[in-house]
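The lines below spell out each chain.
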Amino acid sequence: MKLAFIGYGNVGRSLHRLIRARRREFPFTVTGIHTLRHGTAIDCGGIGAEPAFGPRAASIEEFLDGTKAQIAVELTTLNPSDGQPAVAHIRAAFVRKMHVATANKGPLAHAYAELRDDAARAGVGFRFESAVMDGAPVFNLWRPTLPGVKVLGFTGVLNSTTKVVIETMERGGSFEDGLARARQMGVTEADGAFDVEGWDSAAKTAALANVLMDARTTPQQVSTRGIGRLTPERMREINGEGKTVRLVSRARRNGSGLTLRVRAEVLERDDLLACTPGTSNLLLFHTDLMGTFGTVSIEPGVEQTAYGVFSDIVNLSRGNL
Ligand SMILES: NC(=O)c1ccc[n+]([C@@H]2O[C@H](COP(=O)([O-])OP(=O)(O)OC[C@H]3O[C@@H](n4cnc5c(N)ncnc54)[C@H](OP(=O)(O)O)[C@@H]3O)[C@@H](O)[C@H]2O)c1
């Protein structure tokens, strides 16, 4: 099966390594890579470890047509304000009857219902396991495992960068030291402000609500406050009281609709939500038939994000749309 990569940054390169490593068992071939500044590479025989980039294709349509791929893999930078150009990339793939796998939460946060319907009309698959909580099963849990269960809400600690910043300040470092460390780990969005101001969490909250609760919302409709006002001094005070801080996403269905919120919350150290060191993530689902249960991912890295996209590609290649 042939794959067209749109975006070749941390996740794209890690996924390409994984695909090459597991080639015997899963015979996927990357026939095209399209980027913003590095240009475009197309080789229908398969692109190797060192892609030879030429001039950038004039349009996403020209690129996708050139790759002859069956699956488009959308791995461009998050744009939390409108999800573009990723939404347009995905639509262009559907028009060409290509399946899509993406780790980009922007399209889910802004246009999930339309994209799901476009995919269904085109008879192709649309999968996005890594968009929230890297490769840990979040979206894939629901389809085969929990038929008939309704999501009433969720609570999550979903942003790694803010945790790294908080932990750095707890150890006596500055806010900027923490951000630099998170960037070094490859977990920060291209614009780190998206993480610390809460936009990444708002996009994840909107994406989860759209997919699991048919919310038809956007990140702008999530009431959001980030960790920008935290200082090392304030963190020391909070620590002194035996507490810590996490950026928490909460969704609740109530009589009049849905409440979506992202806040830096002061938590007891032994609170379940606080037990998430480093890049670890935790998500609790509140449901009608299954009560509250959750999924946790301990210190995931970019390899786990790549794996989530890999699992999507495997599922699509097996006809699990
Ligand atoms: N990193 C993680 O651990 C992680 C975890 C979960 C989800 N994600 C999501 O996965 C996606 C990729 O993340 P990343 O860390 O790989 O990002 P990244 O390292 O910043 O790479 C982004 C890639 O997208 C390309 N790009 C940007 N705009 C483009 C456009 N208009 N057309 C074509 N290519 C474009 C860039 O091209 P150039 O190389 O030429 O600049 C680059 O190759 C993001 O949406 C992110 O939110 C990442």
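Worth saying up front: this structure is predicted, and the values here are computed from it rather than measured. Here the residue numbers are simple positions, counted from 1 along each chain's written sequence. Note on the predicted model: pLDDT of at least 70 is required for a residue's local features to be given, and 80 or more for side-chain atom pairs to be given and counted; whole-chain, interface and lining totals, by contrast, use all residues. To obtain the side-chain values, all non-hydrogen atoms of the structure were included, while hydrogens and water were left out.

A. Local environment of the nonpolar core. We define a nonpolar core as any set of buried Ala, Val, Leu, Ile, Met, Phe, Trp, Tyr and Cys residues linked to one another through side-chain atoms lying within 4.5 Å. Think of it in three bands: with a 1.4 Å probe and only protein chains considered, a residue is buried below 20% of the maximum accessible area for its type, exposed above 50%, and partly exposed in between. Leu 64, Phe 126, Phe 139, Trp 142 and Leu 208 are the most contacted members of the largest nonpolar core, which has 65 residues in total. Put simply, DSSP marks the helices as runs of H or I at least four residues long and the strands as runs of E at least two long, and each gets a number from the N terminus on. Examining the composition of this core, we find that eight residues originate from one element, helix H9 (residues 199-213), more than from any other. Those residues within four positions of Phe 126 in sequence are excluded, and the remaining contacts are Ile 90, Phe 94, Val 100, Thr 102, Leu 108, Tyr 112, Leu 115, Arg 116, Ala 119, Arg 143, Leu 316 and Leu 321. Core analysis: the next-biggest nonpolar cluster, separate from the first, contains 24 residues, Phe 5, Ala 306, Ile 313 and Val 314 among them. Throughout, a residue-residue contact means that at least one pair of heavy atoms, one from each residue, lies within 4.5 Å.

B. Fine view of the site of the ligand. When at least one non-hydrogen atom of a residue lies within 4 Å of a molecule or strand, that residue is treated as near it. Among the 25 residues in the neighbourhood of the ligand, the closest are listed as Tyr 8, Val 11, Arg 37, Thr 76 and Glu 189. Definition of a polar contact: a pair of N or O atoms within 3.5 Å, with one able to donate and the other able to accept a hydrogen when the atoms are protein atoms, and with sequence-neighbouring residues admitted only if both atoms are side-chain atoms. One of the side-chain nitrogen or oxygen atoms of His 38 is found 3.0 Å away from an oxygen atom of the ligand. Against a free-state accessible area of 900 Å², the protein chains account for coverage of 88% of the ligand. More than half of the atoms of the ligand fall within 2 Å of the grid points belonging to the largest pocket. Classification used: nonpolar for Ala, Val, Leu, Ile, Met, Phe, Trp, Tyr, Cys and Pro, charged for Asp, Glu, Lys and Arg, polar for all others including Gly. When grouped by side-chain class, the residues that make up the shell around the ligand number seven nonpolar, 13 polar and five charged. Only the protein chains shown count as covering a residue, and every accessible area follows the Shrake-Rupley method with a 1.4 Å probe. Here the term cavity refers to a set of points on a 1 Å grid, laid over the protein atoms alone, in which a 1.4 Å probe fits but cannot get out; the term pocket refers to an open set having protein on both sides within 12 Å along at least five of seven lines, with lining residues being those that place an atom within 4 Å of a point. A pocket or cavity is taken to hold a molecule when more than half of that molecule's atoms are within 2 Å of the pocket's grid points.

C. Fine view of helix H10 (residues 232-240). Those residues of H10 not exposed but buried are Pro 232, Met 235 and Ile 238. Taken end-on, H10 shows its buried residues confined to a sector of 120°, consistent with a single buried face. Each element contacted by the buried residues of H10 is listed here: helix H6 (160-170), strand E9 (243-254) and strand E10 (257-268). Phi for Gly 242, located one or two positions after H10, is positive at around 75°. What the arc covers is the set of directions going from the helix axis to the C-beta atoms.

D. Region of interest: the packing of helix H1 (residues 10-21) against helix H11 (residues 302-317). The axes are straight lines fitted to the C-alpha atoms, using for helices just the contacting stretch, and the angles between their N-to-C directions are given from 0 to 180°. The N-to-C vectors of H1 and H11 enclose an angle of 65°; their axes lie 8 Å apart at closest approach. Along this stretch, H1 crosses H11, giving a crossing that reads as right-handed. Each of Asn 10, Val 11, Ser 14, Leu 15, Leu 18 and Ile 19 in H1 lies in contact with H11, whose residues at this interface are Val 302, Glu 303, Thr 305, Ala 306, Tyr 307, Val 309, Phe 310 and Ile 313. For any pair of crossing helices, the crossing counts as left-handed if the nearer helix is rotated counterclockwise from the farther one by less than a right angle, and right-handed if it is rotated clockwise.

E. Fine view of the environment of Leu 289. With respect to the secondary-structure elements, Leu 289 resides in the loop between strand E11 (281-287) and strand E12 (292-297). For Leu 289, a relative accessible area of 60% corresponds to the exposed category. Remark: the alpha-carbon pair of Leu 289 and Gly 148, spanning 141 residues in sequence, is separated by 8.1 Å. Not counting residues up to four positions away in its chain, the partners in contact with Leu 289 are Gly 148 and Val 149.

F. Quick peek at the pairing of strand E2 (residues 29-34). Burial of E2 is extensive: six of the six residues sit out of reach of the surface. Pairing of strand E1 (residues 2-6) with E2, which is carried by five bridges, proceeds in the parallel orientation. Within E2, the position partnered with Lys 2 by the bridge is Thr 29. The handedness rule is simple: strands pointing away from the viewer, and a clockwise path from the first strand over the helix to the second, make the crossover right-handed. The handedness of the E1 to E2 crossover, carried by H1, is right-handed. Any two strands with at least two DSSP bridges between them are considered paired. Pairing analysis gives three bridges linking E2 to strand E3 (residues 40-42), with the strands arranged antiparallel. Its bridge partner being in E3, His 34 is matched across the sheet by Thr 40. Linking E2 to E3, which pair antiparallel, is a turn of five residues; within it Gly 39 sits at a positive phi near 100°.

G. Just the layout of surface pockets, in detail. Put simply, the largest pocket is a space of about 1400 Å³. What lines the largest pocket is a set of 50 residues, among which Leu 75, Thr 76, Thr 77, Leu 78 and Glu 189 lie closest to the centre. Among the secondary structure elements, those contributing two or more residues to the lining of the largest pocket are H1, H6, H9 and H11. Counting residues per element, the lining of the largest pocket draws most heavily on H1, which supplies four residues. Taken together, the residues of the lining of the largest pocket break down into 18 nonpolar, 21 polar and 11 charged. In this model, the second largest pocket occupies a volume close to 430 Å³. Lining the second largest pocket are 20 residues, and of these Tyr 112, Trp 142, Arg 143, Val 211 and Leu 212 sit closest to its centre. Here the lining of the second largest pocket is composed, by residue class, of 14 nonpolar, one polar and five charged. Grid points are joined across faces, edges and corners, and a volume is the space filled by probe spheres set on the points.

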